[in-house]
Amino acid sequence: MSRWKELPAELHPHVHQLIVRLRRLKDHGELSTRQLAAKTGYSAKSWQRYLNGRSLPPREAVEAMARIGGDDPARLLVMHEIAAQRWAEGRAVATDTPDAPEGFAATPEHTPAEQQPYGRHLRAAVTAGAVVTVLSVSAALLLAMRLTEARAQLAHDRSDALVTAPATVSESLVPVIYTCRLEQRDGRWSAGLSRNTDILLSNTHVGLEVAEAQCLLRRAGTAPGEIDGVFGPKTRRAVEHMQKQNGLIVNGVIDPPTWQALREADPK
């Protein structure tokens with residue numbers, strides 16, 4: 001297995017998570033960067049930058065890596081979509097920082113034009129950076145207000161949580177709105193975010209599995225609120241309503257029987 005360099009500490013957690021996932025796929029396939037280049041069409045030097053956090057891989061490179069490593073491309077592309085948003089935000093801030101960290105340094109000689117948020121013209125870059133900064137501050141204030149309200153509601157229900165999931169609501173949580181890509185295969189529905197059918201989800205749990213369940217709840221006709229991957233009061237009420245409609249135990253927890261009912265082609 002490769003001995004990887006430590007990723008830049010300044011990378012956003014979502015970018016860090018994507019790169020770690022790509023590193024694992026490379027290690028699992030026991031591939032060198034030259035072999036990756038041959039299989040994906042992206043140069044070995046490009047893959048070195050991608051896997052060391054110095055440049056964000058394009059969507060096509062991520063999709064190719066998923067195909068080679070046998071991973072779920074839909075899940076990996078969702079991770080890339082979120083990471084791309086965070087990467088662009090981080091690079092926009094870096095334009096106003098004289099000593100920007102290497103993790104956000106531009107590499108125009110190697111990076112495709114669509115991966116260069118600033119462009120080549122300094123005046124345009126400064127103007128764009130100023131606009132992004134203003135919008136980012138406004139968005140941050142709005143998110144802070146929404147998080148304060150959400151945490152207050154979730155704290156009230158925290159005592160009802162039945163299991164400990166891989167992730168729960170924390171002070172560092174940044175809301176993300178996911179896209180439902182509903183499709184039916186072999187009589188079962190999927191939203192393209194997770195294929196889990198047995199993980200237990202309840203109050204305060206967060207992540208792609210929660211977003212997958214929210215998409216399926218909406219398809220079943222029960223409104224869980226925003227598809228944000230956060231299991232809050234609205235999601236719990238939607239689960240309870242769906243369980244009652246399908247003759248299941250009404251406990252507000254997404255358990256294996258509830259997953260099965262959500263993925264059925266024609267839920268009751």
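Our structure is the block above this text.
The text that follows walks through the structure, step by step, so that each part is easy to find. (Residues numbered from 1 in each chain as written. Predicted model: local features only at pLDDT ≥ 70, side-chain atom pairs only at ≥ 80, totals over all residues. Heavy atoms only, no water.)

Further remarks concern the overall build of the chain. The number of helices and strands found in the chain is nine helices and two strands. Secondary structure elements of the chain, listed N to C terminal, follow the sequence α-α-α-α-α-α-β-β-α-α-α. Per-residue burial for the chain yields a buried fraction of 42% across its 268 residues. Taking the intrachain contacts of the chain between residues at least 6 apart in sequence as the baseline, contacts between residues at least 24 apart amount to 58%. (Helix = DSSP H or I, 4+ residues; strand = E, 2+ residues; numbered from the N terminus. Buried < 20%, exposed > 50% of the residue type's maximum accessible area, 1.4 Å probe, protein only. Contact = heavy atoms within 4.5 Å.)

Generally, phi is negative for residues other than glycine and the peptide bonds are trans, each holding for most cases. Even without being glycine, Glu30 reaches a positive phi, approximately 50 degrees. One non-glycine residue with positive phi stands out, namely Thr204, at about 75 degrees. Relative accessible area serves as the criterion here: at 3%, Thr204 is assigned to the buried category.

Turning next to the state of the cysteines. According to the stated counting rule, one finds one disulfide in the structure shown. Each sulfur of the disulfide joining Cys180 and Cys215 lies 2.0 Å from the other. The chirality of the disulfide connecting Cys180 with Cys215 is left-handed, given an S-S dihedral of about -85 degrees. Pair noted here: Cys180 is in the loop between helix H6 (122-157) and strand E1 (183-185) and Cys215 is in helix H7 (residues 208-219), with a separation of 35 residues, a long-range link. (Disulfide = S-S within 2.5 Å.)

Glancing now at the packing of aromatic side chains. Overall, the coordinates contain two aromatic pairs when judged by the stated rule. Between the aromatic rings of Tyr42 and Tyr50, the centroid separation amounts to 6.5 Å while the plane-to-plane angle is 65 degrees, which identifies the pairing as edge-to-face. With a relative accessible area of 2%, Tyr50 lands in the buried category. Among the aromatic residues, those joined into a cluster by ring pairs are Tyr42, Trp47 and Tyr50. (Phe/Tyr/Trp six-rings, centres within 6.5 Å; stacked < 30°, edge-to-face > 60°.)

Our next topic: the pattern of salt bridges. Applying the stated criterion to the full structure yields eight salt bridges. For Glu89, the salt bridge identified is with Arg86, shortest N-O distance 3.2 Å. Residue Glu89 and its partner Arg86 are located together in helix H5 (residues 73-94), separated by three residues, close to a single helical turn. Judged by relative accessible area, which is 10%, Arg86 ranks as buried. A salt bridge links Arg263 to Glu212, with the nearest nitrogen and oxygen atoms 3.0 Å apart. In this pair, Arg263 sits in helix H9 (residues 256-263) while Glu212 sits in helix H7, placing the two residues 51 residues apart along the sequence. (Salt bridge = Lys/Arg side-chain N within 4 Å of Asp/Glu carboxyl O.)

Turning our eyes to something else, we now look at helix H1 (residues 13-29). For H1, which comprises 17 residues, the first-to-last C-alpha distance of 24 Å matches the rise-based estimate of 24 Å (1.5 Å per residue) to within 8%. In the stretch just after H1, Glu30 is the one whose phi turns positive, near 50 degrees. (Expected span 1.5 Å × (residues − 1).)

What follows deals with the environment of Leu262. Within the secondary structure layout, Leu262 lies in helix H9. We classify Leu262 as buried; its relative accessible area is 0%. The spacing of Leu262 and Ala220 is 42 residues in sequence and 7.0 Å in space, taken between C-alpha atoms. Not counting the four nearest positions on each side in its chain, Leu262 is found in contact with Ala213, Leu216, Leu217, Arg219 and Met242.

Bringing helix H3 (residues 44-51) into the picture now. Of all eight residues that make up H3, six are buried, and the element is covered over most of its length. Within H3, burial applies to Ala44, Ser46, Trp47, Arg49, Tyr50 and Leu51. For H3, the elements touching its buried residues are H1, helix H2 (33-40) and helix H4 (59-69). Looking one or two places after H3, you find Gly53, whose phi comes out positive at around 75 degrees.

Turning next to the nonpolar core. Grouped burial of nonpolar side chains is what soluble globular proteins tend to show. Counting residues in hydrophobic clusters, the biggest one holds 32 residues, and the most contacted among them are Val15, Leu18, Leu22, Trp47, Leu76, Tyr178 and Leu193. The greatest single-element share of this core, amounting to seven residues, is contributed by H5. Every residue in contact with Leu18, bar those within four places of it in the chain, is listed here: Leu56, Leu76, Met79, His80 and Ala83. (Core = buried A, V, L, I, M, F, W, Y, C linked by side-chain atoms within 4.5 Å.)

This brings us to the packing of H2 against H3. When two helices pack together, their arrangement is captured by the angle between the axes and the distance separating the axes. Contact geometry of H2 with H3 gives a least axis separation of 8 Å together with a crossing angle of 110 degrees. By the angle between their axes, H2 is roughly perpendicular relative to H3. Considering the relative orientation of H2 and H3, their crossing is right-handed. Counting all contacts with H2, which are made through Thr33, Arg34, Leu36, Ala37 and Thr40, the residues of H3 involved are Ala44, Trp47, Gln48 and Leu51. Taken together, the residues that form the contact of H2 with H3 break down as five nonpolar, three polar and one charged. (Axes fitted to C-alpha atoms, helices over the stretch in contact; angles between N-to-C directions. Parallel < 35°, antiparallel > 145°, perpendicular 65-115°, else oblique. Left-handed = near helix turned anticlockwise from the far one by under 90°. Nonpolar A, V, L, I, M, F, W, Y, C, P; charged D, E, K, R; others polar.)

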